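Below are the chains, spelled out letter by letter.
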Amino acid sequence: MSLSRRAFALAGLAGVAACSRPDAANAPLKAADVHPADYPTVTAVGWIGEELERLTEGRVRIRQYPSGQLGSEDDSIGLTRFEAIDICRVSVAALNNAFPQTVLLSLPYVYRSAEHIRSVIDGPIGHDLLNIFEGRGLIGLAYYDAGPRNLYNVRKPVTEPGQLQGLKIRAPQSDVFLDTLRAMGANPTPLGFSATFSSLQTHLIDGAENNWPSYQSSRQFEVARYLSITEHSYLPDALLISRASLNRLEARDRELVIDVAQRSVPIMRAAWETRQAEARKAVLAAGAQAVEVNREAFAAATRPVLDKYLGSPELRALYDRIAATA
């Protein structure tokens with residue numbers, strides 16, 4: 001995974017700062033997120049920091065950099081891998097190309113509900129999928145809720161896949177999402193999350209897809225007022241820590257970091273449920289139009305995407321395990 005020029009600059013500055021601190025070993029762990037300070041993922045990591053500081057009597061602390069202060073999600077992954085920052089929260093879509101096993105968390109219409117994907121990521125499958133990052137300098141700490149995701153656009157109500165024909169829809173920089181939107185009939189346009197609002201304003205793109213809280217917190221609902229309740233993905237977020245950063249901690253503190261991160265999941269989910277309901281209410285009150293869709297037609301249109309990725313025996317076996325999970 002290559003780093004952008006911005007990430008290289010940030011990595012250089014962070015490295016210089018780390019080397020210049022006389023007590024770098026006891027410096028706070030730096031955590032990055034593109035979402036604002038009151039977003040459920042950010043508040044959950046804030047809770048982790050408070051709990052770690054309490055349990056370690058201040059030995060382990062977290063300093064957060066929300067709102068994309070340290071760049072895009074791709075930047076955050078690179079910066080964490082190369083130890084410029086310690087912790088990042090990113091959408092699993094940003095990990096698909098580097099970690100193919102995460103594709104099964106991203107494919108369309110694999111999960112029946114939020115309860116279904118929680119059963120998957122809370123169980124043995126999720127445990128296995130947290131252990132895939134170590135080969136590239138990362139440790140998986142937890143998976144957080146981030147779905148369901150819906151389509152929205154600036155042009156018109158969309159209830160059938162064919163109505164997306166000709167519309168440029170922002171996609172995460174993931175081959176899975178590009179293929180999914182293309183199968184729905186759209187013209188997928190890969191863009192970073194932070195560039196989406198301005199691109200909708202200037203009509204560089206016609207629409208995007210995301211969950212209710214992101215649709216609301218990014219203010220995209222102000223320009224893309226036609227939301228289609230496709231619920232095509234229950235894609236989760238991943239909380240990752242640099243392997244080197246974790247290994248620098250005392251053994252007892254390493255265990256605490258992993259344990260507290262896992263205990264943050266229900267904290268995050270409670271905040272997520274509240275935020276999701278509030279976001280939906282807020283955007284509808286502001287004039288966004290939400291329409292039901294022919295979900296069977298969208299699922300059928302994207303079936304070739306599943307067939308493409310499930311050609312891998314490893315992914316097919318994982319998919320069968322997910323389908324069998326209650």
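Residues numbered from 1 in each chain as written. Predicted model: local features only at pLDDT ≥ 70, side-chain atom pairs only at ≥ 80, totals over all residues. Heavy atoms only, no water.

Caption draft 1: Spotlight on the confidence of the model for the protein. Looking at the protein, pLDDT values average 92 and 92% of them are 70 or higher. Confidence drops under pLDDT 50 across residues 1-8; counting only partners more than four residues distant or on other chains, this segment forms 20 contacts. Across residues 16-23, where pLDDT falls below 50, the model places three contacts with residues more than four positions away in sequence or in other chains. (pLDDT = per-residue confidence, 0-100. Contact = heavy atoms within 4.5 Å.)

Caption draft 2: Broad picture of the packing of helix α2 (residues 40-55) against helix α10 (residues 251-285). For the pair α2 and α10, interaxial distance at closest approach is 8 Å and the crossing angle is 145°. Here the hand of the crossing between α2 and α10 comes out right-handed. Within the contact between the two elements, α2 uses Pro 40, Thr 41, Thr 43, Ala 44, Trp 47, Ile 48, Glu 51, Leu 52 and Leu 55 and α10 uses Leu 256, Val 257, Val 260, Ala 261, Arg 263, Ser 264, Ile 267, Met 268, Ala 271, Trp 272 and Arg 275. Its residues placed into classes, the contact of α2 with α10 shows 14 nonpolar, three polar and three charged. (Axes fitted to C-alpha atoms, helices over the stretch in contact; angles between N-to-C directions. Helix = DSSP H or I, 4+ residues; strand = E, 2+ residues; numbered from the N terminus. Left-handed = near helix turned anticlockwise from the far one by under 90°. Nonpolar A, V, L, I, M, F, W, Y, C, P; charged D, E, K, R; others polar.)

Caption draft 3: Representation of the sheet that holds strand β4 (residues 138-144) within the structure. The strand order β2-β1-β3-β10-β4 describes an open sheet built from five strands, whose pairing is mixed. Single-partner strands in this sheet number two, and they are β2 (62-65) and β4. Each strand axis lies, on average, 25° off the axis of its neighbour in the sheet, ignoring direction. Of the pairings in the sheet, the one linking strand β1 (residues 29-32) to β2 comprises four bridges and is parallel in character. Looking at the pairing, Ala 32 lines up with Tyr 65 of β2. In this fold helix α3 (residues 73-81) packs onto β1, β3 (87-91), β4 and β10 (237-242), with an angle of close to 145° to the strand it touches most, β3. Each of β4 and β10 is contacted by α10, which is oriented at about 20° to β4, the strand it contacts most. (Pairing = 2+ DSSP bridges.)

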